[in-house]
Amino acid sequence: MDARKMRFYDPLYGVVELTEFEYSLIFLPEVQRLRYVRMCNINSLLITGASEISRFEHVLGVMCLAKEWVKSQAENVSSVWGKPMVAAAVLHDMQTGPFGHSFQYVVEDNEIDEAFKHEDLMYGEKLNFHQMVDANVSFSGKPFGAGDKLKNIWTDVTSLIKGEGEYGPLISGTIDLDNIDNVVRLAYHVGIASKRDATIALSLAKNISCHEGMVSITADHVDKISQWQIIRKNLYRFLLLDWAEFSAKAMLTKAIEIAVERNLIESSNWKMTDDEFLEHLIESSVGENQEIGQLVKNLRTGDLYTPLFLALTEDIGDYPRLSSAPVKNEIEARIKSVFKGRLGVSNGFVVHFIKDKGKTERSIKVYLRDKGECQIIGQDSCQLLIGVFSSLPIKNNVSEHACYELIKEVLGEFVSGEIKKINDPLFPDQVSETQLELL
């Protein structure tokens, strides 16, 4: 008799009992890899609660919500969907690259040997992102095995993860089991949500279903979605607007962009863990590539670039152009030239753009099944965040205002919309009541 207990303890949902099938999914190598890939897109320095939460913890949380959904829908949904739903919950992040979107956005926006679509497992299989049999596709020497294990339901699982079919929106939609858990979990660890907010996630998981390609709920759960949206807004203000988060993402993105330009990154690198990927970048930083290694070493030691300019514009139409490495290089060169010419400063500069389209705030269209009507809850944020960072602090005799105005002048040549300064999201008047209670 195997004395190992088939259960786990979740910080939000408590003890979760598992079937043999569910237990076996957890120990697939592609799922175990996620213990070493962070939920956040960077190893947070000053928002400390976000620094070490793993994707593994998150996928177990999504599995818990999927189990609750299966139980609540027992009378309405065929039992054949039970295993695919749970498997899709566990595997939905298996193709997440190191540092999540920080890796994904760069390799999607730049030309590498093949495209990268982290949510499309069948596409990934064709391009050798993972395969059912190939022993070279492995984690810690153990070949990936999801496709082989789930061969009878593999197509159903991959379709769910892409958001396809009758129940796909529950795994990949505007509000789904994935992002319900993601928001509450990360906010809880950061310290701006409490454990009682887990009841919002559990309640939604038990109530949501699908209707003609959209999520359906009962009218009495509209307030649950609104509460979840508030948590999301508070969380993303911290993760997107904090200077240290912004600076670290800018530095890592710059290192990845240089590596892509120098052909040091290929599609297969998505299988690396966070630390393996950083080591790969350092090992690649020889000769003309030394800047890559220096950026990564600075990240590891917390030697972040100094924020000179944190702003936003409500015009996001420029993002495709501004996010390309050549345009950012041009902006950085212009800023360096201006600072050297007017202030005698020859620092290195990094510029970074983040498109906040439905990130901080997300509108959600749902079907109210007890009323037979649709409703849109909330609204989408729509802004382009702009950060400019210096490799060294600017001389004390140069004011913060002077730096800001110089950079704004340069950016005015590239950015169409009105540029507005960003306020520090950690100022006392920006801290949520939940966090004040914890303090």
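For the structure itself, look to the data block above.
Residues numbered from 1 in each chain as written. Predicted model: local features only at pLDDT ≥ 70, side-chain atom pairs only at ≥ 80, totals over all residues. Heavy atoms only, no water.

## Concerning the packing of aromatic side chains
Describing an aromatic ring pair means giving the distance of the ring centres and the angle of the ring planes. To keep things clear, this is the line we draw: Pairing of aromatic rings covers Phe, Tyr and Trp, the last counted by its six-membered ring, and requires centre-to-centre distances within 6.5 Å; plane angles under 30 degrees mean stacked, over 60 mean edge-to-face, and any other angle means tilted. Helix numbering and strand numbering both begin at the N terminus, where a helix is a DSSP run of H or I of at least 4 residues and a strand a DSSP run of E of at least 2. The cut-offs for exposure are 20% and 50% of the maximum accessible area for each residue type, with area from a 1.4 Å probe on protein chains only; residues under the lower value are buried, those over the upper are exposed, and the others partly exposed.
All chains considered together, the criterion is met by nine aromatic pairs. For the ring pair F103 and F277, a centre distance of 5.4 Å and an interplane angle of 90° mean the geometry is edge-to-face. Placement of the pair is F103 in helix α5 (residues 101–109) and F277 in helix α13 (residues 274–283), with a sequence separation of 174 residues. Look at F103 and you get buried, because its relative accessible area is 1%. According to the relative accessible area criterion, F277 is buried, its value standing at 0%. Look at F246 and F389: their rings are 5.6 Å apart centre to centre, the planes differ by 55°, and that puts the pair in the tilted class. Of this pair, F246 sits in helix α12 (residues 243–261) while F389 sits in strand β11 (residues 382–390), placing them 143 residues apart in sequence. You can call F246 buried: its relative accessible area is 1%. In this structure an aromatic cluster arises from ring pairing among W69, W81 and Y167.

## Points about the pattern of salt bridges
Formally: Criterion for a salt bridge: a side-chain nitrogen of Lys or Arg within 4 Å of a carboxyl oxygen of Asp or Glu.
Per the stated rule, a full pass over the model turns up 20 salt bridges. Here E52 ties to R38 by a salt bridge, and the two come within 3.4 Å at their closest N and O atoms. Of this pair, E52 sits in the loop between α2 (29–32) and α3 (55–72) while R38 sits in the loop between α2 and α3, placing them 14 residues apart in sequence. E52 sits in the exposed class, given a relative accessible area of 53%. Residues participating in the shared-partner salt-bridge network are D10, E57, D181 and R185.

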